[in-house]
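Architecture and fold: a report
What follows is the residue order along each chain.
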Amino acid sequence: GAGVSQSPSNKVTEKGKDVELRCDPISGHTALYWYRQSLGQGLEFLIYFQGNSAPDKSGLPSDRFSAERTGGSVSTLTIQRTQQEDSAVYLCASSPPRGNNSPLHFGNGTRLTVT
Amino acid sequence: GENVEQHPSTLSVQEGDSAVIKCTYSDSASNYFPWYKQELGKGPQLIIDIRSNVGEKKDQRIAVTLNKTAKHFSLHITETQPEDSAVYFCAAGKTSYDKVIFGPGTSLSVIP
């Protein structure tokens, strides 16, 4: 079946511009997560949604970062006034409802380059 | 909060040999420990996980062990093959449906 879909796959933007990254989770998955992976580094947690609410947004690096989820499905991560240090791969994952075996299923990420 | 360390950062083995990757975690409340494999240009994929009520779990050529007292867990890959070459991440979380915190990764190369 269809996996987690992220768009765009690559994004190049100029410093100071705003960007929006999109995530389409697996149908029926209630939880959605955003992680950031800098070059050669591990995965840094950003934010977690259960349905449309975000019980844990502790990983967002600054107030330039925000995310929303609508209809319990698609999520958008927005970065305002991008900086060069925002360059990274942004990974989205979803997982099934609680009570199931609920591992994270990742998309292939959006590679963001800020010039 | 949780902190996960992982060693080694790079590992090179001959095809057919075994590979072992070790992780430690800091939060004694963590009960769920997944392992992910990431190939170039792709997102991580779950390969095996273990919960704190189990000390060891095996799936064909891969096995995980957990020592909750010492806060250590390890991934063992036997009879390595070139297609095992990838970056491997350990992670820890309170449950399988909460966020997990990832280790920094191990780049495994299997030499034919």
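For the structure itself, consult the block above.
My aim in this report is to walk through the structure given alongside it, one point at a time. None of these values were measured; they are calculated from a predicted model. (Residues numbered from 1 in each chain as written. Chains lettered and ligands numbered in written order. Predicted model: local features only at pLDDT ≥ 70, side-chain atom pairs only at ≥ 80, totals over all residues. Heavy atoms only, no water.)

1. A short note on the nonpolar core
Note that soluble globular proteins tend to have their nonpolar side chains buried in a common cluster. In this structure, B:Trp35, B:Phe73, B:Leu75 and B:Leu108 are the most contacted members of the largest nonpolar core, which totals 23 residues. What B:Leu108 contacts, discounting residues up to four positions off in sequence, is B:Leu11, B:Val13, B:Ala19, B:Ile77, B:Asp84, B:Ser85, B:Ala86 and B:Tyr88. Counting residues in hydrophobic clusters, the runner-up holds 19 residues, among them A:Leu32, A:Phe65, A:Ala88 and A:Cys92. (Core = buried A, V, L, I, M, F, W, Y, C linked by side-chain atoms within 4.5 Å. Buried < 20%, exposed > 50% of the residue type's maximum accessible area, 1.4 Å probe, protein only. Contact = heavy atoms within 4.5 Å.)

2. Considering the packing of aromatic side chains
Counted under the stated rule, the structure contains twelve aromatic pairs over all chains. Residues A:Tyr35 and A:Phe106 carry aromatic rings whose centres are separated by 5.8 Å and whose planes lie at 55 degrees to one another, so their mutual orientation is tilted. In this pair, A:Tyr35 is assigned in strand β4 (residues 31-37) and A:Phe106 in strand β10 (residues 105-106), connecting sequence segments 71 residues apart. For the pair A:Tyr35 and A:Phe106, a shared accessibility class is recorded, and that class is buried. Here A:Phe106 and B:Tyr36 contribute two aromatic rings whose centre-to-centre distance is 5.6 Å and whose plane-to-plane angle is 90 degrees, an arrangement assigned as edge-to-face. With A:Phe106 in strand β10 and B:Tyr36 in strand β4 (residues 32-38), this residue pair bridges two chains. (Phe/Tyr/Trp six-rings, centres within 6.5 Å; stacked < 30°, edge-to-face > 60°. Helix = DSSP H or I, 4+ residues; strand = E, 2+ residues; numbered from the N terminus.)

3. Observations concerning the interface of chain B and chain A
With 20 residues of chain B at the interface, the matching set in chain A holds 21 residues. The interface formed by chain B and chain A includes one salt bridge. Of the charged contacts, one joins B:Lys99 and A:Asp56 as a salt bridge, the two residues approaching to 2.8 Å between their closest N and O atoms. At the junction of chain B with chain A, the criterion picks out six residue pairs in polar contact (both at pLDDT 80 or more). Every element with two or more residues in the side of chain B that touches chain A is listed here: β4, β5 (45-51) and β10 (101-102) of chain B. The class makeup of the residues in the side of chain B that touches chain A is ten nonpolar, five polar and five charged. (Salt bridge = Lys/Arg side-chain N within 4 Å of Asp/Glu carboxyl O. Polar contact = N/O pair within 3.5 Å; in protein donor to acceptor, adjacent residues only side chain to side chain. Nonpolar A, V, L, I, M, F, W, Y, C, P; charged D, E, K, R; others polar.)

4. With respect to the side chain of B:Gln38
Note on placement: B:Gln38 falls in strand β4. Reaching out from B:Gln38, the side chain makes a polar contact with the backbone oxygen of B:Lys42 at a distance of 2.9 Å. Once you skip the residues sitting within four places of it in the chain, B:Gln38 turns out to touch A:Gln37, A:Leu91, B:Gly43, B:Pro44, B:Ala86, B:Val87 and B:Phe89.

5. Some points on the sheet that holds strand β1 (residues 5-7) of chain A
All names here are of chain A. What the four strands build is an open sheet, ordered β1-β3-β8-β7; its pairing is antiparallel. The sheet is open, and its two borders are formed by β1 and β7 (65-69), each paired with just one other strand. Within this sheet the neighbouring strands show an average axis-to-axis angle of 15 degrees, counted without direction. Taken together, the three bridges between β1 and strand β3 (residues 19-24) define a ladder with antiparallel strand orientation. For Ser-5, the partnering residue across the bridge sits in β3 and is Asp-24. (Pairing = 2+ DSSP bridges. Axes fitted to C-alpha atoms, helices over the stretch in contact; angles between N-to-C directions.)

6. Focus: the state of the cysteines
Within this structure, the stated rule accounts for two disulfides over all chains. The disulfide partner of A:Cys23 is A:Cys92, and the gap between their sulfur atoms is 1.9 Å. Handedness of the A:Cys23-A:Cys92 disulfide follows from its S-S torsion of about -65 degrees: it is left-handed. Taken together, the residues A:Cys23 in strand β3 and A:Cys92 in strand β9 (residues 88-95) connect sequence positions 69 residues apart. A:Cys92 matches A:Cys23 in its accessibility class, with the two residues each being buried. Across the disulfide from B:Cys23 sits B:Cys90; the S-S distance is 2.0 Å. (Disulfide = S-S within 2.5 Å.)

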